Amino acid sequence: MFRFTTAGESHGRALVAIVEGMPAGVPISVEAIDRDLERRQWGYGRGGRQRIERDRAQILSGVRHGRTLGSPIALMIENRDWVNWQDVMAVEPRDLPPEDARQLKRPRPGHADLAGGLKFNARDLRDILERASARESAARVACGAIAKQLLIEFGIEIRSHVIQLGGIPSEPLELDWSSIVAIPDDAPLRCGDAGIEKQMVARVDEARREGDTLGGIFEVVARGVVVGLGSHVSWEAKLDGRLAQAVMSIPAVKAVEIGAGVRAAALPGSQVHDEIAYDTEAKRFFHRTNRAGGLEGGITNGEELRVRGYLKPISTLRRPLRSVDIETKEESAAAYERSDTTAVPAAGVIGEAMVALVLAGAMREKFGGDSLVEMKRNFQMYLDQLRDY
Ligand SMILES: Cc1cc2nc3c(=O)[nH]c(=O)nc-3n(C[C@H](O)[C@H](O)[C@H](O)COP(=O)(O)O)c2cc1C
Ligand SMILES: C=C(O[C@@H]1CC(C(=O)O)=C[C@@H](OP(=O)(O)O)[C@H]1O)C(=O)O
């Protein structure tokens, strides 16, 4: 079974992750993992933390001479900020007077603080914040970068772009693959249009000045995905459902859309469904449009996969909303230490990772094999079957 897990607190020593189920013999480039980690750190509107961190993956197991062994891959990403938080992390809340700022007593609306504090009976809400923080997503991106290196062996590539930020839509919303790839990794907001990006940057500046925050929408596109991943036969096998859960699990994502998604609900069928055609030369079926976003019946249909994540605005506001002190039960402003103003481009990179991990799992299910050679042989036989259909 292909799976991954992460551990680590935001201000702890390090993040760690384990990826299981990779076949043996997949070339692994640590540079490629680090490139994605760096891409996750970029983006206009991020806070002071990203000036401290310089995320790099250290592979601890499962790779030898640059190739997977077929055993679990363990990796670690250090938190450079840890040294600045050692005292805070070490202190026992019960040794502190209630007003000591090192503990979090005023839960932030929109964050996990209050719900998590009540659930885990935590009197210092830092115990909740530390793991709820999207810092954990760095570990997911590293796992996703490993999954991408399996997928590329089968011609699958994955990229993201920003299609709305703080209410400003990108134009056009539907970027084709070559336009998405052409967006430089270090573009401030990765929306693909320099003019609109300027407006978005100004909107972020305005929000920051006002002590407010912004959300937005990213789109992940996977191309080269073979027809037939996922299955219609049972609810948990449906790939649209699996992708939705994976993308929804990204902190602050509150809606997930596949293809025309929400818009399709308001349109007649004639304007939504993608007509089917056949390419006699290539001996393959294709669709004349791709409003389905590459999925029909929970099965990939051979078109580009298009998945969107909708982010709510960041919950930590410099001009805080009203909250209640968990000790005194008195109304007081929510806690603020430092925060991102927006993180939509970063969420897009996390979205790429989550989509890559779901696709890698689906590829492993369908093509199996203990080694990459065996998996490729199975894949090739399936391609022959499709051609003969
Ligand atoms: C890349 C990224 C960075 C984030 N940075 C912050 C931040 O600086 N401050 C904050 O309050 N929330 C931030 N969030 C969002 C919170 O982690 C998230 O809202 C919180 O964990 C509650 O989960 P939920 O919004 O999914 O309900 C960030 C999210 C992402 C994806
Ligand atoms: C650390 C990261 O994001 C963090 C996510 C986050 C949150 O509440 O989700 C809150 C902030 O943490 P801090 O208070 O330490 O600055 C962000 O910086 C990261 O993405 O690497």
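All values reported here derive from a predicted model rather than from experimental measurement.

So, on to the overall build of the chain. Along its length, the chain carries 12 helices and 17 strands. Taken over C-alpha atoms, the radius of gyration comes to 22 Å for the chain, in line with the 21 Å a tight globule of 389 residues would show. Within the chain, buried positions represent 40% of all 389 residues. Within the chain, contacts between residues separated by at least 24 positions form 70% of all contacts whose residues are at least 6 apart in sequence.

For ligand 2, the set of nearby residues contains 13 residues, the closest of which are R49, S133, A134, R135 and R338. Its residues assigned to classes, the shell around ligand 2 comprises three nonpolar, four polar and six charged.

Quick look at the packing of helix α6 (residues 137–151) against helix α11 (residues 344–367) now. Contact geometry for α6 and α11: axes closest at 7 Å, N-to-C directions at 45°. Comparing the axis directions of α6 and α11 gives the class oblique. Viewed along their axes, α6 and α11 form a crossing whose handedness is left-handed. Judged by residue contacts, S137, R140, V141, C143, G144, A145, A147, K148, L150 and L151 of α6 engage V349, I350, E352, A353, M354, A356, L357, L359, A360 and M363 from α11.

This part covers the environment of T316. Counting through the fold element by element, T316 comes out in the loop between β15 (305–311) and β16 (322–324). Excluding residues that lie within four positions of it along the chain, T316 makes contacts with R108, H111, Y336 and S339.

The next point concerns the UniProt feature "binding site: FMN" (unreviewed entry) in the chain. In the UniProt entry, the feature "binding site: FMN" (unreviewed entry) is given for R131, A132, S133, G297, K312, P313, I314, S315, T316 and R338. Considering the C-alpha atoms alone, the annotated residues occupy 208 residues of sequence and remain spread out, their largest mutual distance being 44.1 Å. On the secondary structure map, P313 appears in the loop between β15 and β16. Judged by C-beta crowding, with 17 C-beta atoms within 10 Å, P313 ranks as partly exposed. Other than its neighbours up to four places away in sequence, P313 contacts T213, L214 and G215. On the basis of neighbour count, I314 is assigned to the buried category, with 26 C-beta atoms found within 10 Å.

Not every one of the 21 residues close to ligand 1 is listed here, only the nearest: A134, P251, T316, D340 and A343. At three residues, α11 tops the list of elements feeding residues into the shell around ligand 1. Residues belonging to the shell around ligand 1 are distributed by class as follows: 11 nonpolar, eight polar and two charged.

Our focus in this paragraph is unusual backbone geometry. The omega angle of the peptide bond from E171 to P172 is -5°, so this bond is cis rather than trans. Its place among the elements puts P172 in the loop between β8 (168–169) and α7 (177–182). For H65, which is not glycine, the phi dihedral falls at a positive 50°. The residue H65 is located in the loop between β4 (63–64) and β5 (67–68) in this model. Take H65: there are 7 C-beta atoms within 10 Å of it, and that puts it in the exposed class. Unlike most non-glycine residues, R190 shows phi in positive territory, near 50°. Its location among the elements puts R190 in the loop between α7 and α8 (194–209). Judged by C-beta crowding, with 29 C-beta atoms within 10 Å, R190 ranks as buried.

What follows deals with the sheet that holds strand β6 (residues 73–78). If you trace the four strands from one edge of the open sheet to the other, you get β1-β2-β6-β3, paired in antiparallel fashion. This sheet does not close on itself; its edge strands, each paired only once, are β1 (3–7) and β3 (57–61). Direction aside, neighbouring strands of the sheet carry axes that sit 20° apart on average. Direction of pairing for β1 relative to strand β2 (residues 14–20): antiparallel, over a ladder of five bridges. Along β2, the bridge assignment pairs T6 with A17. This element, helix α1 (residues 30–41), spans β3 and β6 of the sheet and lies at about 135° to β3. Seen against the sheet, α6 touches β1, β2, β3 and β6 and runs at an angle of roughly 30° to β2.

Further remarks concern the sheet that holds strand β10 (residues 253–258). Strands sit in the order β8-β7-β9-β15-β10 across an open sheet of five strands; the sheet is antiparallel. Every interior strand has two partners, whereas the edge strands, β8 and β10, have only one.

Relative orientation of the contacting elements helix α9 (residues 239–248) and α11 amounts to 145°, with a least axis distance of 9 Å. The interaxial crossing formed by α9 with α11 has right-handed handedness. Residue-level contacts link L239, R242, L243, A246 and V247 of α9 to G351, M354, V355, L357, V358 and A362 of α11. Of the residues that constitute the contact of α9 with α11, the class distribution is nine nonpolar, one polar and one charged.

Parameters at a glance
- Residues numbered from 1 in each chain as written.
- Chains lettered and ligands numbered in written order.
- Predicted model: local features only at pLDDT ≥ 70, side-chain atom pairs only at ≥ 80, totals over all residues.
- Helix = DSSP H or I, 4+ residues; strand = E, 2+ residues; numbered from the N terminus.
- Rg over C-alpha atoms; globule rule 2.2 N^0.38 Å.
- Buried ≥ 20, exposed ≤ 12 C-beta atoms within 10 Å, placed from the backbone.
- Contact = placed C-beta atoms within 7 Å.
- Near = placed C-beta within 6 Å.
- Nonpolar A, V, L, I, M, F, W, Y, C, P; charged D, E, K, R; others polar.
- Axes fitted to C-alpha atoms, helices over the stretch in contact; angles between N-to-C directions.
- Parallel < 35°, antiparallel > 145°, perpendicular 65-115°, else oblique.
- Left-handed = near helix turned anticlockwise from the far one by under 90°.
- UniProt positions renumbered as here; feature names shortened; annotations may be inferred.
- Pairing = 2+ DSSP bridges.

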